[in-house]
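The chain contents come next:
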Amino acid sequence: IHLLTEPGELIVIENCDFIRRISLPGTVVWERRLPGRVSSSAGRPSGECAVFFEDLRLAILDRHGKVMGEYASTRPLMVADLSEGWVTATLDEQVLRAHADDGSVLWSIPLPWEPWSLSRVEESIVVSSVTGESMIVSATGKALAPALKTGRQPQFMKDRKGRLCW
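First, a word on scope: everything that follows refers to the structure included in this document. (Residues numbered from 1 in each chain as written. Predicted model: local features only at pLDDT ≥ 70, side-chain atom pairs only at ≥ 80, totals over all residues. Heavy atoms only, no water.)

### Observations concerning the pattern of salt bridges
Argument step 1. Tallied over the entire structure, the rule returns 14 salt bridges.
Argument step 2. One salt bridge in this structure joins Glu70 and Arg57, with 3.1 Å as the shortest N-O distance. Of this pair, Glu70 sits in strand β8 (residues 67-72) while Arg57 sits in strand β7 (residues 57-61), placing them 13 residues apart in sequence.
Argument step 3. A single network of salt bridges, built from pairs that share partners, joins Arg75, Asp92, Glu93 and Arg97. (Salt bridge = Lys/Arg side-chain N within 4 Å of Asp/Glu carboxyl O. Helix = DSSP H or I, 4+ residues; strand = E, 2+ residues; numbered from the N terminus.)

Pasting the structure below:
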């Protein structure tokens, strides 16, 4: 898994349990053996990253690879970055949650279906289901557009007022 960070740097997760920050063209900035196997991860351009382990723990690492916070889950999570915080969802629960860097839950909203993927688009999160439903959620947990069923991944654009829409 490769997570892009600042220009000229990236974070690499190898064999699900080893993390390394690399400054291009290949200088290792730091590296760590992780305390478990990673099943989901996300990174910020500023170098922080969130990793979700198979033992149902979300760990948030600072730009030096040190743990800033954790969140214990009862189900496997997928994770995506926010400009400030992280967003998580499970494949079998209809809930979207945001977490602070210390792992605490900032907000939680119900979803009309079980999520399949999370994607950051500008300052928003796009949540999509396996059957093609999607919705745009703000970084504060507000639905910005009603749930849309297209049967495929939607395309996004900005309207005349600069708002994200499909």
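### Some details on the nonpolar core
Side chains that are nonpolar tend, in soluble globular proteins, to be buried together.
Argument step 1. Core analysis: the biggest nonpolar cluster contains 16 residues, and Val87, Leu96, Trp107, Leu118, Ile125, Val127 and Val137 have the highest contact counts within it.
Argument step 2. Excluding its chain neighbours within four sequence positions, the residues that come into contact with Val137 are Leu96, Trp107, Ile109, Ser124, Ile125, Val127, Lys142, Ala143 and Leu144.
Argument step 3. Counting residues in each nonpolar core, the second largest holds twelve residues, with Leu3, Ile13, Cys49 and Val51 among its members. (Core = buried A, V, L, I, M, F, W, Y, C linked by side-chain atoms within 4.5 Å. Buried < 20%, exposed > 50% of the residue type's maximum accessible area, 1.4 Å probe, protein only. Contact = heavy atoms within 4.5 Å.)

### So, the sheet that holds strand β12 (residues 105-110)
Argument step 1. Strand order in the open sheet formed by four strands is β9-β10-β11-β12, and the pairing between neighbours is antiparallel. Edge positions in the open sheet fall to β9 (78-81) and β12, since each of these has one partner strand only. On average, adjacent strands in this sheet sit at an angle of 20 degrees to one another, irrespective of strand direction.
Argument step 2. Note: β9 against strand β10 (residues 86-89), four bridges, orientation antiparallel. (Pairing = 2+ DSSP bridges. Axes fitted to C-alpha atoms, helices over the stretch in contact; angles between N-to-C directions.)

### Overview of the pairing of β10
Argument step 1. Residues Trp86 and Thr88 of β10 are buried on one face, and the alternating residues Val87 and Ala89, pointing to the opposite face, are buried as well.
Argument step 2. What sits between the antiparallel neighbours β9 and β10 is a turn of four residues, in which Gly85 has the positive phi angle 115 degrees.
Argument step 3. Pairing analysis gives four bridges linking β10 to strand β11 (residues 95-99), with the strands arranged antiparallel. Each bridged residue has a counterpart across the sheet, and for Thr88 the counterpart in β11 is Arg97.

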